Amino acid sequence: MIKSTKPLVGISTCLLGKPVRYDGGHKLNRYLRDILGKYVHYYPVCPEVECGMSTPREAVRLVEHAKGIRLMTQKSKIDKTDQMHSWMKPKLEELSRLPLCGFIFKAKSPSSGLLRIKVYRQKGTVNTGTGIFARGITEEFPLLP
């Protein structure tokens, strides 16, 4: 358990400058790290790395399938959905034991993106949805900002 007088906020790890993205890079957001970070304690989460994907790795995306929305590697078409769900269930249980006050997601991420995430359809068209982990968080914690 994390003890702090600051509010505890979950955050996508790459936003803090950690090189966990598929290309080995990060998406450091200096405002979140340097300004807001003075007032909150962050609980970083990278669903793709934590579920066992390497860094660097083949990029993934959401694909509409007969089984529902699937998390697939872009080129080799390997389905990573079950791997993500196997990790996510205990992770959500772990997060439920923390005094989380909010969560900051990485935009456009097929795992952590909250809104307008591309979902590729079989006929080549694109729809929008929510990243797999972001959906898990919002379903498990519907009142969490």
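Summarised in this report is the structure supplied together with it. (Residues numbered from 1 in each chain as written. Predicted model: local features only at pLDDT ≥ 70, side-chain atom pairs only at ≥ 80, totals over all residues. Heavy atoms only, no water.)

**Quick notes on the environment of G124**
And step 1. Structurally, G124 can be placed in the loop between β6 (117-120) and β7 (126-129).
And step 2. The exposure class assigned to G124 is exposed, which follows from its relative accessible area of 60%.
And step 3. Each C-alpha atom, one on G124 and one on G102, is 35 Å from the other, the two residues being 22 residues apart in sequence. (Helix = DSSP H or I, 4+ residues; strand = E, 2+ residues; numbered from the N terminus. Buried < 20%, exposed > 50% of the residue type's maximum accessible area, 1.4 Å probe, protein only.)

**Observations regarding the side chain of S112**
And step 1. Within the secondary structure layout, S112 lies in the loop between β5 (100-104) and β6.
And step 2. Once residues lying within four places of it in the same chain are set aside, the contact partners of S112 are S12, P47, F105, K106, F133 and A134. (Contact = heavy atoms within 4.5 Å.)

**Here we look at the packing of helix α3 (residues 81-96) against helix α4 (residues 132-140)**
And step 1. Where α3 meets α4, the axes come as close as 10 Å, and the angle between the chain directions of the two elements is 35°. Relative to α4, α3 is oriented so that their crossing is right-handed. Between α3, through T81, M84, H85, W87, M88, K91, L92 and L95, and α4, the contact on the second element is made entirely by I132, F133, G136, I137 and E140.
And step 2. Looking at the contact of α3 with α4 residue by residue, the class counts come to 8 nonpolar, 3 polar and 2 charged. (Axes fitted to C-alpha atoms, helices over the stretch in contact; angles between N-to-C directions. Left-handed = near helix turned anticlockwise from the far one by under 90°. Nonpolar A, V, L, I, M, F, W, Y, C, P; charged D, E, K, R; others polar.)

**Notes on the pattern of salt bridges**
And step 1. Taken as a whole and judged by the stated rule, the model has 8 salt bridges.
And step 2. A salt bridge links K89 to E93; the nearest nitrogen and oxygen atoms lie 3.9 Å apart. Taken together, the positions of K89 and E93, both in helix α3 and 4 residues apart, correspond to about one turn of that helix.
And step 3. Looking at K89, the relative accessible area reads 57%, which means it is exposed.
And step 4. Among the residues examined, E93 registers a relative accessible area of 40% and is labelled partly exposed.
And step 5. Each of the salt bridges in this network shares a partner with another, and the network as a whole consists of E50, K91 and E94. (Salt bridge = Lys/Arg side-chain N within 4 Å of Asp/Glu carboxyl O.)

**Quick word on the sheet that holds strand β2 (residues 41-45)**
And step 1. Taken together, the 3 strands give an open sheet; going across it, the order is β2-β1-β5, and neighbouring strands pair in parallel fashion. Pairing within the sheet leaves two strands with one partner each, and these edge strands are β2 and β5. Each strand of the sheet is rotated relative to its neighbour by a mean of 25°, with strand direction disregarded.
And step 2. Pairing between strand β1 (residues 8-12) and β5: 4 bridges, direction parallel. Across the sheet, residue L8 finds its bridge partner in β5, namely L100.
And step 3. Sheet contacts for α3: β2 and β5; angle to β2, the most-contacted strand, approximately 170°. (Pairing = 2+ DSSP bridges.)

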